[in-house]
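# Secondary and tertiary structure notes
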Amino acid sequence: GGYDVVVHHFEDNGDGPATATVKIWLDGALVYDDVQVLQEDEVWRVGQVDWSAAPSFAADGTLGPVGPRQSCF
């Protein structure tokens, strides 16, 4: 099936933005490598890994607010 890859900078405790690095490896090969600076309560929707057939990754890359409060991703 498919799995969303999401980074959520939940709270900065006064420390300011955080830098997130995501590397995605499928079958031993690096298929995605990116860095984003996130503000407090910002979400980076990195993309989706799909394991249903041959492993694949589809990048999204959008940044935005969390929206209505949810449990952790």
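First things first, this report covers the structure right here in the doc. As the structure is a computational prediction, the values presented were derived from the model and not from experiment.

### Examining the nonpolar core
Counting residues in hydrophobic clusters, the biggest one holds 11 residues: V5, A20, V22, I24, L26, Y32, L38, W44, V46, V49 and F57. Those elements that provide at least two residues to this core are β2 (18-26), β3 (29-38) and β4 (42-50). Here this core takes 4 residues from β2, the largest share from any one element. Setting aside its immediate chain neighbours within four residues, V5 contacts V22, I24, W44, R45, V46, G47, V49 and F57.

### Some details on the side chain of D12
Mapped onto the elements, D12 comes out in the loop between β1 (2-9) and β2. Note on D12: relative accessible area 16%, which makes it buried. Here the side chain of D12 touches G14 through a polar contact of 2.9 Å, landing on its backbone nitrogen.

### Section: the sheet that holds strand β5 (residues 56-65)
A sheet is described by the order of its strands in space; here 3 strands give the open sequence β1-β4-β5, paired in antiparallel fashion. Two strands bound the open sheet, and with one partner strand each, they are β1 and β5. On average, each strand axis in the sheet is tilted by 15 degrees relative to the strand beside it, whichever way the strands run. For β4 and β5, the ladder comprises 8 bridges, and the chain directions are antiparallel. Residue pairing for β5: D50 is matched across the bridge by S56.

### Describing the environment of D41
The topology assignment puts D41 in the loop between β3 and β4. Separated by 32 residues in sequence, D41 and H9 have C-alpha atoms that sit 5.3 Å apart.

Reading the values: rules and limits
Residues numbered from 1 in each chain as written. Predicted model: local features only at pLDDT ≥ 70, side-chain atom pairs only at ≥ 80, totals over all residues. Heavy atoms only, no water. Core = buried A, V, L, I, M, F, W, Y, C linked by side-chain atoms within 4.5 Å. Buried < 20%, exposed > 50% of the residue type's maximum accessible area, 1.4 Å probe, protein only. Helix = DSSP H or I, 4+ residues; strand = E, 2+ residues; numbered from the N terminus. Contact = heavy atoms within 4.5 Å. Polar contact = N/O pair within 3.5 Å; in protein donor to acceptor, adjacent residues only side chain to side chain. Pairing = 2+ DSSP bridges. Axes fitted to C-alpha atoms, helices over the stretch in contact; angles between N-to-C directions.

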